[in-house]
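The chain contents come next:
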Amino acid sequence: MIQLQTAFLGRRWRRGPTAALSLLVCAAIAVAFLAPAAPRANAGRDQCAAPLTVTSLADPLPHTALRLAAGKSLTIVALGSSSTYGTGASKPEYSYPSRLAALLHTSYPNTDIRVINRGVGGEVIGETTQRIATEVMRDKPDLVIWQVGTNDVLQDADADAVMASVRAGIAQLQQTGTDVILMDLQYAPAVLTHPRYRAIERALWATAKSAGVPLFHRFALMRDWTEHGNMKMSAMVAADHLHMTDASYDCLARQLSNSILRDIRVATDIAAKG
């Protein structure tokens, strides 16, 4: 058995299936990710549960699917700021990248899967994009999960300027054949007090769609948990009203793992039929 390798490499906190189906998923997400959620029964529900309209990836991960289908090693880089690094988690192993590594290993116990944590607390988009060339590319990732936008919202950054950096980073990664998942803002009180979060959310959706990369809707996912009673805000977000907790990091990793594995199953099925 090849052992799963994980690396927690973030630095310390430094500052405060088919085309038709893809279009349907895109349309559903575009309507749902900022719209209020409809009530539903939650008795006995898994606190991590969420509807497919929130968690489905609208675009494929072809490189990731091919490597896992062939039993080849897989390197995932988790890129972002403090909620990638794991600020708010009680231990490094409770960050979302560490939990994601453990969950993927459960599904692929005989595959060498590395999840490398490249989160840097307090970083804004321009700084993160610069690190793609200096840090991320040397890891030779098959998949990059790029959590982006929260610190830019907290600094009231212009959405167009933020997206210019995001597009440049995506282009850099795509030139090497790397799959990319963008991850949007966390649903947290400190974010909601900044009106520009709406512009960043919409711009991230449009940027992901135009670049042909999936957007993982963390904002809508966390909002769904609170609105349906899965988790109280106090359990989901730390006392600083911004960072996630052990419980919400774990649920984030579970839903992200499910989304990736669902995408791979669809790609594998299509390849088998073709």
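Residues numbered from 1 in each chain as written. Predicted model: local features only at pLDDT ≥ 70, side-chain atom pairs only at ≥ 80, totals over all residues. Heavy atoms only, no water.

Peer 1: What exactly am I supposed to notice about unusual backbone geometry here?
Peer 2: Despite not being glycine, Lys140 has its phi angle at roughly 50°, a positive value. Along the chain, Lys140 falls in the loop between helix 6 (125-136) and strand 4 (143-147). Take Lys140: its relative accessible area is 69%, and that puts it in the exposed class. For His241, which is not glycine, the phi dihedral falls at a positive 65°. Relative to the elements of secondary structure, His241 occurs in the loop between helix 12 (233-236) and helix 13 (246-273). With relative accessibility at 47%, the residue His241 sits in the partly exposed group. (Helix = DSSP H or I, 4+ residues; strand = E, 2+ residues; numbered from the N terminus. Buried < 20%, exposed > 50% of the residue type's maximum accessible area, 1.4 Å probe, protein only.)

Peer 1: Is there a simple way to explain the packing of aromatic side chains in this structure?
Peer 2: Two aromatic rings are characterised by how far apart their centres lie and by the angle between their planes. Using the criterion set out here, one finds two aromatic pairs in the structure. Residues Tyr187 and Phe219 carry aromatic rings whose centres are separated by 5.2 Å and whose planes lie at 85° to one another, so their mutual orientation is edge-to-face. On the criterion of sequence distance, the pair formed by Tyr187 in the loop between strand 5 (179-183) and helix 9 (189-192) and Phe219 in helix 11 (residues 218-227) is long-range, its members being 32 residues apart. The class of Phe219 is buried, set by a relative accessible area of 2%. (Phe/Tyr/Trp six-rings, centres within 6.5 Å; stacked < 30°, edge-to-face > 60°.)

Peer 1: Whenever I open this one, helix 3 (residues 62-69) confuses me. Can you help?
Peer 2: For the α-helix, the turn length of 3.6 residues means that residues three or four positions removed from each other point alike. Within helix 3, burial applies to Thr64, Ala65, Arg67 and Leu68. Buried positions in helix 3, seen along its axis, are confined to an arc of 165° and lie on one side of it. Within helix 3, the exposed residues directed more than 90 degrees away from the buried face are Leu66 and Ala69. Taken from the residues just after helix 3, Gly71 is the one with a positive phi, measuring 75°. (Arc of directions from axis to C-beta.)

Peer 1: Hey, could you run me through the pattern of salt bridges in this one?
Peer 2: One side chain can pair with another of opposite charge once the charged atoms of both are near each other. Counted according to the given criterion, the structure contains seven salt bridges. For Arg67, the salt bridge is made with Asp142, and the minimal N-O distance between the two is 3.4 Å. Of this pair, Arg67 sits in helix 3 while Asp142 sits in the loop between helix 6 and strand 4, and the two are 75 residues apart along the sequence. Among the ionic pairs, Asp250 bridges to Arg99, the shortest N-O distance being 2.8 Å. Taken together, the positions of Asp250 in helix 13 and Arg99 in helix 5 (residues 96-107) put the pair 151 residues apart, joining distant regions of the chain. (Salt bridge = Lys/Arg side-chain N within 4 Å of Asp/Glu carboxyl O.)

Peer 1: Could you clarify how one ought to interpret the side chain of Ser95 in this entry?
Peer 2: Considering the arrangement of structural elements, one finds Ser95 in the loop between helix 4 (82-85) and helix 5. Residue Ser95 is classed as buried on the basis of its relative accessible area, which comes to 0%. A distance of 3.0 Å separates the side chain of Ser95 from the backbone oxygen of Pro92, its partner in a polar contact. (Polar contact = N/O pair within 3.5 Å; in protein donor to acceptor, adjacent residues only side chain to side chain.)

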